[in-house]
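# Structural characterization, general
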Amino acid sequence: MSEGLYAGKVVLVTGSRRGVGKAIAEHFLNNGADKVIGFARGAGSIDHPNYHHFEVDVGDTESVIKGFAALKQVTDSIQIVVNNAAVLTSQYSMIMPPAAAQAMVNVNLLGPFMVSREAAKMMRKRKWGRIINIGSMAASLEPIGDSMYAACKAGLSTLANVMAKEFATMNVTCNTLGINAIESDMLAQLPRDKIDAIIAGLPVPRMSKEDDILNVIDFFAAERSAQITAQTVFLGGVN
Ligand SMILES: NC(=O)c1ccc[n+]([C@@H]2O[C@H](COP(=O)([O-])OP(=O)(O)OC[C@H]3O[C@@H](n4cnc5c(N)ncnc54)[C@H](OP(=O)(O)O)[C@@H]3O)[C@@H](O)[C@H]2O)c1
(Lines give C-alpha, C1' and ligand atoms only; values in the text may rest on other atoms or scores of the structure.)
Protein backbone atom coordinates (compact mmCIF):
# COMPACT_ATOMS: atom_id res chain seq x y z
CA MET A 1 0.00 0.00 0.00
CA SER A 2 1.22 3.51 -0.81
CA GLU A 3 1.89 6.25 1.77
CA GLY A 4 0.27 9.65 2.05
CA LEU A 5 -3.01 11.35 2.94
CA TYR A 6 -4.99 9.15 0.55
CA ALA A 7 -3.17 5.85 1.07
CA GLY A 8 -5.70 3.03 0.94
CA LYS A 9 -8.25 5.11 -0.91
CA VAL A 10 -9.74 4.56 -4.36
CA VAL A 11 -10.99 7.78 -5.91
CA LEU A 12 -13.22 8.45 -8.92
CA VAL A 13 -12.93 11.84 -10.59
CA THR A 14 -15.18 12.76 -13.52
CA GLY A 15 -13.87 15.16 -16.14
CA SER A 16 -10.29 14.23 -15.27
CA ARG A 17 -8.88 14.84 -18.75
CA ARG A 18 -8.24 18.58 -18.36
CA GLY A 19 -8.93 21.65 -16.24
CA VAL A 20 -10.01 21.42 -12.62
CA GLY A 21 -10.73 17.68 -12.81
CA LYS A 22 -7.21 16.89 -13.96
CA ALA A 23 -5.73 18.94 -11.10
CA ILE A 24 -7.96 17.12 -8.60
CA ALA A 25 -7.06 13.68 -9.97
CA GLU A 26 -3.33 14.55 -9.85
CA HIS A 27 -3.74 15.79 -6.26
CA PHE A 28 -5.09 12.41 -5.15
CA LEU A 29 -2.32 10.60 -7.06
CA ASN A 30 0.37 12.86 -5.57
CA ASN A 31 -0.98 12.16 -2.10
CA GLY A 32 -0.82 8.39 -2.23
CA ALA A 33 -4.24 7.26 -3.44
CA ASP A 34 -4.15 3.54 -4.20
CA LYS A 35 -6.06 4.13 -7.41
CA VAL A 36 -7.58 7.11 -9.18
CA ILE A 37 -10.26 6.29 -11.72
CA GLY A 38 -10.88 8.99 -14.30
CA PHE A 39 -13.97 9.43 -16.48
CA ALA A 40 -14.06 11.75 -19.52
CA ARG A 41 -15.35 11.51 -23.05
CA GLY A 42 -11.85 11.80 -24.47
CA ALA A 43 -8.70 9.77 -23.92
CA GLY A 44 -6.81 9.97 -20.64
CA SER A 45 -4.09 12.60 -20.25
CA ILE A 46 -2.53 11.50 -16.94
CA ASP A 47 0.43 9.16 -17.03
CA HIS A 48 0.70 7.55 -13.58
CA PRO A 49 0.78 3.87 -12.60
CA ASN A 50 -2.16 4.33 -10.21
CA TYR A 51 -4.33 6.16 -12.75
CA HIS A 52 -6.98 4.28 -14.72
CA HIS A 53 -8.89 6.16 -17.41
CA PHE A 54 -12.26 5.22 -18.86
CA GLU A 55 -13.93 6.97 -21.77
CA VAL A 56 -17.35 7.68 -20.30
CA ASP A 57 -19.93 10.32 -21.21
CA VAL A 58 -21.50 11.07 -17.83
CA GLY A 59 -24.45 12.68 -19.63
CA ASP A 60 -25.40 9.29 -21.06
CA THR A 61 -26.83 6.87 -18.47
CA GLU A 62 -25.86 3.80 -20.52
CA SER A 63 -22.29 5.06 -20.79
CA VAL A 64 -22.11 5.55 -16.99
CA ILE A 65 -23.45 2.03 -16.34
CA LYS A 66 -20.88 0.63 -18.81
CA GLY A 67 -18.14 2.73 -17.18
CA PHE A 68 -18.87 1.24 -13.77
CA ALA A 69 -18.89 -2.25 -15.23
CA ALA A 70 -15.47 -1.53 -16.75
CA LEU A 71 -13.94 0.04 -13.64
CA LYS A 72 -14.92 -3.06 -11.64
CA GLN A 73 -12.18 -4.81 -13.64
CA VAL A 74 -9.61 -2.70 -11.75
CA THR A 75 -11.28 -2.18 -8.34
CA ASP A 76 -14.10 -3.61 -6.28
CA SER A 77 -14.35 -0.52 -4.08
CA ILE A 78 -14.53 3.27 -4.30
CA GLN A 79 -14.19 5.53 -1.29
CA ILE A 80 -14.19 9.05 -2.75
CA VAL A 81 -16.06 10.48 -5.74
CA VAL A 82 -15.58 13.93 -7.21
CA ASN A 83 -18.37 14.87 -9.63
CA ASN A 84 -16.45 17.49 -11.60
CA ALA A 85 -17.40 16.98 -15.28
CA ALA A 86 -19.68 19.68 -16.63
CA VAL A 87 -20.48 21.59 -19.79
CA LEU A 88 -21.42 25.24 -20.19
CA THR A 89 -23.26 27.18 -22.84
CA SER A 90 -23.79 30.74 -21.73
CA GLN A 91 -26.60 32.41 -23.66
CA TYR A 92 -29.80 34.37 -23.10
CA SER A 93 -32.64 31.91 -22.44
CA MET A 94 -34.69 33.01 -25.44
CA ILE A 95 -31.90 32.16 -27.88
CA MET A 96 -30.27 29.23 -26.03
CA PRO A 97 -30.27 26.25 -28.39
CA PRO A 98 -32.50 23.60 -26.77
CA ALA A 99 -29.86 20.94 -27.40
CA ALA A 100 -27.31 22.96 -25.37
CA ALA A 101 -29.79 23.32 -22.50
CA GLN A 102 -30.48 19.59 -22.64
CA ALA A 103 -26.75 18.81 -22.60
CA MET A 104 -26.30 20.84 -19.42
CA VAL A 105 -29.11 18.94 -17.70
CA ASN A 106 -27.67 15.61 -18.85
CA VAL A 107 -24.02 16.23 -18.00
CA ASN A 108 -24.25 18.63 -15.04
CA LEU A 109 -27.17 17.11 -13.15
CA LEU A 110 -28.14 13.66 -14.40
CA GLY A 111 -24.45 12.71 -14.67
CA PRO A 112 -23.64 13.37 -10.98
CA PHE A 113 -26.88 11.59 -10.02
CA MET A 114 -25.92 8.45 -11.95
CA VAL A 115 -22.27 8.47 -10.88
CA SER A 116 -23.15 9.09 -7.22
CA ARG A 117 -25.74 6.34 -7.06
CA GLU A 118 -23.53 3.76 -8.78
CA ALA A 119 -20.60 4.71 -6.53
CA ALA A 120 -22.81 4.59 -3.42
CA LYS A 121 -23.67 0.97 -4.21
CA MET A 122 -19.92 0.23 -4.04
CA MET A 123 -19.40 2.39 -0.91
CA ARG A 124 -22.19 0.50 0.88
CA LYS A 125 -19.99 -2.61 1.22
CA ARG A 126 -17.36 -0.83 3.36
CA LYS A 127 -19.77 1.64 4.96
CA TRP A 128 -17.54 4.63 4.20
CA GLY A 129 -17.60 7.21 1.48
CA ARG A 130 -17.22 10.82 0.44
CA ILE A 131 -19.16 12.27 -2.49
CA ILE A 132 -18.01 15.74 -3.51
CA ASN A 133 -19.78 17.75 -6.20
CA ILE A 134 -18.12 20.63 -7.99
CA GLY A 135 -20.63 23.45 -8.05
CA SER A 136 -20.31 27.06 -9.07
CA MET A 137 -20.80 30.58 -7.81
CA ALA A 138 -23.39 30.80 -10.61
CA ALA A 139 -25.80 28.85 -8.38
CA SER A 140 -25.82 31.76 -5.95
CA LEU A 141 -25.13 34.77 -8.18
CA GLU A 142 -27.60 33.68 -10.89
CA PRO A 143 -25.87 35.57 -13.74
CA ILE A 144 -27.73 36.60 -16.89
CA GLY A 145 -27.08 34.05 -19.64
CA ASP A 146 -26.68 31.16 -17.25
CA SER A 147 -30.27 30.20 -16.44
CA MET A 148 -29.83 26.50 -17.15
CA TYR A 149 -26.21 26.24 -15.97
CA ALA A 150 -27.00 28.02 -12.68
CA ALA A 151 -30.15 25.93 -12.18
CA CYS A 152 -28.13 22.73 -12.70
CA LYS A 153 -25.47 23.87 -10.22
CA ALA A 154 -28.13 24.83 -7.66
CA GLY A 155 -29.73 21.45 -8.29
CA LEU A 156 -26.39 19.78 -7.64
CA SER A 157 -26.45 21.03 -4.03
CA THR A 158 -30.02 19.76 -3.64
CA LEU A 159 -28.96 16.41 -5.09
CA ALA A 160 -26.13 16.17 -2.55
CA ASN A 161 -28.37 17.26 0.32
CA VAL A 162 -30.97 14.57 -0.34
CA MET A 163 -28.35 11.88 -0.97
CA ALA A 164 -26.69 12.95 2.30
CA LYS A 165 -29.84 11.80 4.08
CA GLU A 166 -30.21 8.62 2.04
CA PHE A 167 -26.57 7.56 2.48
CA ALA A 168 -25.96 8.70 6.08
CA THR A 169 -26.37 5.23 7.58
CA MET A 170 -23.57 4.02 5.27
CA ASN A 171 -21.22 6.74 6.58
CA VAL A 172 -21.23 8.34 3.16
CA THR A 173 -21.16 12.14 3.17
CA CYS A 174 -22.30 14.29 0.25
CA ASN A 175 -21.17 17.89 -0.16
CA THR A 176 -20.77 20.57 -2.81
CA LEU A 177 -17.87 22.92 -3.48
CA GLY A 178 -18.95 26.07 -5.34
CA ILE A 179 -15.85 27.42 -7.05
CA ASN A 180 -15.77 30.91 -8.49
CA ALA A 181 -13.55 31.25 -11.56
CA ILE A 182 -10.32 29.51 -12.51
CA GLU A 183 -8.43 29.46 -15.80
CA SER A 184 -9.68 26.58 -17.96
CA ASP A 185 -11.22 25.79 -21.34
CA MET A 186 -14.64 26.39 -19.78
CA LEU A 187 -13.73 29.82 -18.43
CA ALA A 188 -12.20 30.78 -21.80
CA GLN A 189 -15.68 30.49 -23.34
CA LEU A 190 -16.93 33.46 -21.31
CA PRO A 191 -16.32 37.17 -21.98
CA ARG A 192 -13.41 38.15 -19.74
CA ASP A 193 -14.87 41.57 -18.89
CA LYS A 194 -18.00 39.86 -17.50
CA ILE A 195 -15.90 37.53 -15.34
CA ASP A 196 -13.64 40.36 -14.14
CA ALA A 197 -16.69 42.40 -13.09
CA ILE A 198 -18.17 39.48 -11.13
CA ILE A 199 -14.85 38.71 -9.42
CA ALA A 200 -14.32 42.39 -8.52
CA GLY A 201 -17.62 42.32 -6.63
CA LEU A 202 -16.72 39.36 -4.41
CA PRO A 203 -15.62 39.77 -0.78
CA VAL A 204 -12.30 38.14 -1.77
CA PRO A 205 -11.93 39.71 -5.22
CA ARG A 206 -9.69 37.25 -7.01
CA MET A 207 -10.15 34.12 -9.05
CA SER A 208 -9.74 30.70 -7.41
CA LYS A 209 -6.37 29.01 -7.42
CA GLU A 210 -5.98 25.24 -7.62
CA ASP A 211 -5.00 25.16 -3.97
CA ASP A 212 -8.20 26.97 -2.90
CA ILE A 213 -10.13 24.12 -4.48
CA LEU A 214 -7.90 21.31 -3.20
CA ASN A 215 -8.12 22.69 0.35
CA VAL A 216 -11.90 22.18 0.43
CA ILE A 217 -11.64 18.82 -1.34
CA ASP A 218 -9.27 17.67 1.42
CA PHE A 219 -11.65 19.02 4.06
CA PHE A 220 -14.69 17.20 2.64
CA ALA A 221 -12.69 14.00 2.07
CA ALA A 222 -11.10 13.90 5.53
CA GLU A 223 -11.72 11.11 7.98
CA ARG A 224 -12.50 13.81 10.56
CA SER A 225 -15.27 15.28 8.36
CA ALA A 226 -17.72 12.47 9.10
CA GLN A 227 -20.21 15.02 10.41
CA ILE A 228 -19.77 17.40 7.47
CA THR A 229 -22.56 16.48 5.08
CA ALA A 230 -25.28 18.22 3.04
CA GLN A 231 -23.13 21.35 2.95
CA THR A 232 -22.23 23.74 0.15
CA VAL A 233 -19.02 25.72 0.53
CA PHE A 234 -18.49 28.65 -1.84
CA LEU A 235 -15.07 30.14 -2.47
CA GLY A 236 -14.32 33.86 -2.41
CA GLY A 237 -17.10 34.88 -0.05
CA VAL A 238 -20.02 33.99 -2.31
CA ASN A 239 -22.98 32.87 -0.21
N1 LIG B 1 -13.45 27.14 -14.69
C2 LIG B 1 -14.25 27.91 -13.98
O3 LIG B 1 -14.07 29.14 -13.91
C4 LIG B 1 -15.38 27.30 -13.21
C5 LIG B 1 -16.17 28.14 -12.43
C6 LIG B 1 -17.19 27.59 -11.66
C7 LIG B 1 -17.41 26.23 -11.70
N8 LIG B 1 -16.65 25.43 -12.51
C9 LIG B 1 -16.93 23.99 -12.49
O10 LIG B 1 -15.70 23.30 -12.31
C11 LIG B 1 -15.76 22.03 -12.97
C12 LIG B 1 -14.59 21.87 -13.90
O13 LIG B 1 -14.65 22.87 -14.89
P14 LIG B 1 -13.43 23.20 -15.86
O15 LIG B 1 -13.34 24.68 -15.93
O16 LIG B 1 -12.23 22.39 -15.49
O17 LIG B 1 -14.05 22.66 -17.26
P18 LIG B 1 -13.32 22.22 -18.60
O19 LIG B 1 -12.01 22.88 -18.70
O20 LIG B 1 -14.32 22.45 -19.68
O21 LIG B 1 -13.10 20.64 -18.40
C22 LIG B 1 -14.24 19.80 -18.31
C23 LIG B 1 -13.81 18.38 -18.08
O24 LIG B 1 -14.99 17.58 -18.03
C25 LIG B 1 -14.94 16.60 -19.07
N26 LIG B 1 -16.30 16.41 -19.56
C27 LIG B 1 -17.08 17.32 -20.19
N28 LIG B 1 -18.24 16.75 -20.54
C29 LIG B 1 -18.18 15.46 -20.13
C30 LIG B 1 -19.07 14.36 -20.23
N31 LIG B 1 -20.26 14.46 -20.84
N32 LIG B 1 -18.70 13.17 -19.69
C33 LIG B 1 -17.50 13.05 -19.09
N34 LIG B 1 -16.61 14.05 -18.97
C35 LIG B 1 -16.96 15.24 -19.50
C36 LIG B 1 -13.94 17.12 -20.09
O37 LIG B 1 -13.29 16.10 -20.80
P38 LIG B 1 -13.89 15.56 -22.21
O39 LIG B 1 -14.12 16.78 -23.06
O40 LIG B 1 -12.86 14.64 -22.73
O41 LIG B 1 -15.14 14.82 -21.88
C42 LIG B 1 -12.94 17.81 -19.19
O43 LIG B 1 -12.03 16.88 -18.65
C44 LIG B 1 -17.12 22.00 -13.65
O45 LIG B 1 -18.06 21.35 -12.82
C46 LIG B 1 -17.49 23.46 -13.79
O47 LIG B 1 -18.88 23.65 -13.90
C48 LIG B 1 -15.65 25.93 -13.26
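First, a word on what this report is: a plain description of the structure on this page. Keep in mind it's a predicted model, so treat the numbers as computed, not measured.

## Considerations on the side chain of Ser136
Tracing the sequence through the fold places Ser136 in strand S5 (residues 129-136). By relative accessible area, which is 8% here, Ser136 ends up buried. Within the structure, Ser136 has its side chain in polar contact with the backbone nitrogen of Ala138 (distance 2.9 Å). In contact with Ser136, not counting residues within four places along its chain, are Tyr149, Lys153, Leu177, Gly178, Ile179 and Phe234.

## Side note on the pairing of S5
Buried residues dominate S5, accounting for 8 of its 8 residues. Burial along S5 is two-sided: Gly129, Ile131, Asn133 and Gly135 and Arg130, Ile132, Ile134 and Ser136, pointing in opposite directions, are all buried. Judged from the 4 bridges that link them, strand S4 (residues 80-83) and S5 form a sheet pairing that is parallel. Of the residues in S5, the one forming a bridge with Asn83 is Asn133. Between the parallel pair S4 and S5, the chain is carried across by helix H3 (residues 98-126), and the sense of this crossover is right-handed.

## Looking at the site of the ligand
Residues in close proximity to the ligand total 31 residues, the closest being Arg17, Arg18, Asn84, Tyr149 and Ser184. Here Arg17 contributes a side-chain N or O atom positioned 2.4 Å from an oxygen atom of the ligand. In this structure, Gly42 approaches the ligand through a main-chain N or O atom, which is 2.8 Å from an oxygen atom. The protein chains hide 97% of the 890 Å² of surface that the ligand would expose on its own. Where the shell around the ligand is concerned, the elements lending two or more residues are helix H1 (19-30), S5, helix H5 (147-167) and helix H6 (185-188). The class makeup of the residues in the shell around the ligand is 15 nonpolar, 10 polar and 6 charged.

## Notes on the packing of H1 against helix H8 (residues 210-221)
Following both chains from N to C, one finds H1 and H8 inclined at 55°, their axes separated by 11 Å at the closest point. In terms of their interaxial angle, H1 and H8 are classed as oblique. Here H1 runs over H8; the crossing is right-handed. On H8, the residues touching Val20, Ala23, Ile24, His27 and Phe28 of H1 are Glu210, Ile213, Leu214, Ile217 and Asp218.

## Things to note about the sheet that holds strand S3 (residues 51-55)
Read from one edge of the open sheet, 7 strands run S3-S2-S1-S4-S5-S6-S7, paired in parallel fashion. Each having just a single partner strand, S3 and strand S7 (232-234) make up the two edges of the open sheet. For this sheet the average axis-to-axis angle between neighbouring strands, irrespective of direction, equals 15°. Running over the sheet, H1 touches strand S1 (10-14), strand S2 (35-40), S3, S4, S5 and strand S6 (172-179) and is turned about 170° from S1. Strand contacts of H8: S4, S5, S6 and S7, with the helix running at about 165° to S6, the strand carrying the most contacts.

So, how was this worked out
Residues numbered from 1 in each chain as written. Predicted model: local features only at pLDDT ≥ 70, side-chain atom pairs only at ≥ 80, totals over all residues. Heavy atoms only, no water. Helix = DSSP H or I, 4+ residues; strand = E, 2+ residues; numbered from the N terminus. Buried < 20%, exposed > 50% of the residue type's maximum accessible area, 1.4 Å probe, protein only. Polar contact = N/O pair within 3.5 Å; in protein donor to acceptor, adjacent residues only side chain to side chain. Contact = heavy atoms within 4.5 Å. Pairing = 2+ DSSP bridges. Right-handed = clockwise from strand over helix to strand, strands pointing away. Near = heavy atom within 4 Å. Areas by Shrake-Rupley, 256 points an atom, 1.4 Å probe, with all protein chains shown as cover. Nonpolar A, V, L, I, M, F, W, Y, C, P; charged D, E, K, R; others polar. Axes fitted to C-alpha atoms, helices over the stretch in contact; angles between N-to-C directions. Parallel < 35°, antiparallel > 145°, perpendicular 65-115°, else oblique. Left-handed = near helix turned anticlockwise from the far one by under 90°.

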